[in-house]
Amino acid sequence: MHTDFAHLQKRLPAWLEESRQLAEHGKVAGYIPGLARAPLRRLGISLHSITGEQLAAGECGAAFTLQSISKVFSLLLALMDRGEQGVFEKVGMEPTGDDFNSMLKLELVEPGKPFNPLINAGAIAVASLIRGDGPAEKSARLLDLIRTVAGDATIGWNEEVYRSESATAHRNRSLAYFLKDNAVLDDEVEPTLEVYFRQCAIEVNCGQLARMGLVLASGGKDPRSGSELIPRRYVQIAKTFMITCGMYNASGEFAIQVGIPAKSGVSGGILALVPGELGIGLVGPALNDKGNSVAGVHLLQTLSRQYDWSMF
Ligand code: GLU
């Protein structure tokens, strides 16, 4: 079934306000100082369809950092740079059931390779696979890919979020040293972390994120020209990780309740897509105990039920 945009246009503002009420039950991420000031009740959404329709509601123009959503695109760039074999000899394909920043399995399960590219350990390993002469070039290449996919060359980094994360990321630093010790990182720890913190600090709004989702929904093609931006096979891999691990430890529940590929970040952003149909960008900084936007997940659930989005 195709989403009825005329119907959606009438109903979206009320559904959004209903979901916004849930924000009271969530908390804004405070462990990165640059994120802690985001308004708890902010909620915005943009939807872009493959047929060129666009809709938005709430605070969809507000800027927020990609955080973990960036892991989808660093994975895509690493796949384009190194191929499947080059990436999956350093990082696995399985969900963990542990927290996103856990180091438990790195020591418990041999050979110390991170379980998947969407947990922090896996994303740090992936950051080290991006080609480039030093962290500045690697980061610039990833920003370029994101600008291309978002169709907007003005996208950049939030320097304050970058600096505040870099100054306080003791846990990510220890993960990176573990990986280095296990010979998962070829590069040194600090240059690798610079790439990782910069990718997390790339700043977007809901419309730019929706357009990024639309490229994934189109199998890697530019939605307007039809030209290939990312090889279809790599987009297929990224979407599979989004389904199995994209919503932290609530990925199974999200697959049951919403049933579409999605990736969330601690800024409250969610990138979601209905394959072959829609790209969705959303922000709601109040997070539930699993780290996902509480109002955002509720809104996506309402929309999925209404328009029969589940892939299953
Ligand atoms: N920059 C964040 C971190 O590494 C990203 C985490 C997230 O969005 O889940 O802690």
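So, here's what we can say about the structure. (Residues numbered from 1 in each chain as written. Predicted model: local features only at pLDDT ≥ 70, side-chain atom pairs only at ≥ 80, totals over all residues. Heavy atoms only, no water.)

## Observations concerning the nonpolar core
If you look at the biggest cluster of nonpolar residues, it comprises 72 residues, and the most contacted ones within it are F73, L76, M212 and L216. Here this core takes 9 residues from helix 2 (residues 70–88), the largest share from any one element. Two domains share this core, each providing at least three of its residues, namely domain 1 (5–60 + 204–307) and domain 2 (68–200). Not counting chain neighbours up to four residues away, the residues in contact with L76 comprise L216, I230, Y234, V235 and A238. Counting 28 residues, the second largest nonpolar core, distinct from the first, contains W15, F254, V274 and L300. (Core = buried A, V, L, I, M, F, W, Y, C linked by side-chain atoms within 4.5 Å. Buried < 20%, exposed > 50% of the residue type's maximum accessible area, 1.4 Å probe, protein only. Helix = DSSP H or I, 4+ residues; strand = E, 2+ residues; numbered from the N terminus. Domains from an automatic or database assignment. Contact = heavy atoms within 4.5 Å.)

## Looking at the site of the ligand
The local shell around the ligand holds 13 residues, among which Y31, Q67, S68, Y196 and Y248 are the closest. Contact distances for the ligand include 2.6 Å between an oxygen atom and a side-chain N or O atom of Y31. Residue composition of the shell around the ligand, grouped by class: 7 nonpolar, 5 polar and 1 charged. In terms of domain composition, the shell around the ligand takes at least three residues from each of domain 1 (5–60 + 204–307) and domain 2 (68–200). (Near = heavy atom within 4 Å. Polar contact = N/O pair within 3.5 Å; in protein donor to acceptor, adjacent residues only side chain to side chain. Nonpolar A, V, L, I, M, F, W, Y, C, P; charged D, E, K, R; others polar.)

## So, helix 10 (residues 232–245)
The first and last C-alpha atoms of helix 10 sit 20 Å apart over 14 residues, in line with the 20 Å expected at 1.5 Å per residue. Residues of helix 10 that are buried in the fold lie against helix 2, helix 9 (206–217), helix 11 (251–257), strand 6 (262–264) and strand 7 (269–274). (Expected span 1.5 Å × (residues − 1).)

## Focus on the pairing of strand 7
The side chains of a regular strand alternate between both faces of the sheet. Taken across its 6 residues, strand 7 has 6 buried, putting it largely inside the fold. Neither face of strand 7 is left uncovered, since the one carrying G269, L271 and L273 and the one carrying I270, A272 and V274 both have all their residues buried. Here strand 6 hands over to strand 7 after 4 residues, with G268 in that stretch at a positive phi of 95 degrees. In sequence, strand 7 turns back onto strand 8 (residues 278–283) through a hairpin of 3 residues, with G276 there showing a positive phi of about 75 degrees. (Pairing = 2+ DSSP bridges.)

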